[in-house]
Amino acid sequence: MSLTCQVQVVLSNITKEKAETVKKALEPDNVDFPEGLSLNVENVDNKLVFNFESKKNMKQLIGTIDEVMDHIQVALKVIE
């Protein structure tokens, strides 16, 4: 049996410019993800949508989400 976990995080009411800046700031971190773990980031209307998926380690998924949220917070503080 294979266990897959998907988590979606949505930042609402974000301008297109801020969304693009945050997305670009995260690109270096979205390289060489561990096997079985993925992140897809999309701009949808005035939202920035983060889709995380793990096919292996749930603890690793939680840690990755926490780290990405920290990076988003820093990026938003810098552009304010």
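Keep in mind that what you see is a predicted model, and the values were worked out from it rather than measured. For every chain, the first residue of the written sequence is number 1, and numbering continues from 1 onward in sequence order. Reporting in this predicted model follows two pLDDT cut-offs: at least 70 for local features of residues, and 80 or more for side-chain atom pairs to be given and counted; totals over whole chains, interfaces and linings ignore these cut-offs and use all residues. Side-chain measures here rest on the full set of heavy atoms in the structure, leaving out hydrogens and waters.

Novice: An account of the environment of Asn13 is needed here, citing residue identities and associated values.
Specialist: Numbering of helices and strands runs from the N terminus; a helix is a DSSP stretch of H or I covering at least four residues, while a strand is a stretch of E covering at least two. Structurally, Asn13 is set in the loop between strand E1 (5-11) and helix H1 (16-26). Through-space distance from the C-alpha of Asn13 to that of Val68 is 19 Å; in sequence the pair is 55 residues apart.

Novice: Go over the environment of Met58, please, and point to the residues and values.
Specialist: Relative to the helices and strands, Met58 resides in helix H2 (residues 58-79). Between the C-alpha atom of Met58 and that of Gln6, which follows or precedes it by 52 residues, the distance is 10 Å. Note on definitions: a residue-residue contact is assigned when non-hydrogen atoms from the two residues lie within 4.5 Å. Not counting residues up to four positions away in its chain, the partners in contact with Met58 are Leu3 and Cys5.

Novice: I'd love a proper account of the nonpolar core, names of residues and values included.
Specialist: Ranked by internal contacts, the top residues of the largest apolar core, which has 16 residues, are Val22, Leu48, Phe50, Phe52 and Val68. Among the elements of the structure, H1, strand E2 (37-44), strand E3 (47-54) and H2 are those that each provide at least two residues to this core. The leading source of residues in this core is H2, at five residues. The contacts of Val68, once residues within four sequence positions are left out, are Leu26, Leu39, Phe50 and Phe52. Here, nonpolar core means buried Ala, Val, Leu, Ile, Met, Phe, Trp, Tyr and Cys residues that are tied together by side-chain atoms lying within 4.5 Å of each other. Burial classification: accessible surface area is computed with a 1.4 Å probe over protein chains only, and a residue below 20% of its type maximum counts as buried, one above 50% as exposed, and the rest as partly exposed.

Novice: Describe a nonpolar patch on the surface, listing the residues and the values that go with them.
Specialist: Where nonpolar side chains cluster on the molecular surface, the patch consists of Val74, Val78 and Ile79 and spans about 260 Å² of accessible area. By the element assignment, Val74 lies in helix H2. Residues qualify for a patch when their relative accessible area is over 30% and they have no salt bridge, like charges being joined within 9 Å and the nonpolar side chains of Val, Leu, Ile, Met, Phe, Trp and Tyr within 5 Å. Note on areas: Shrake-Rupley, 1.4 Å probe, and residue coverage restricted to the protein chains presented here. Each reported salt bridge corresponds to a side-chain nitrogen of Lys or Arg within 4 Å of a carboxyl oxygen of Asp or Glu.

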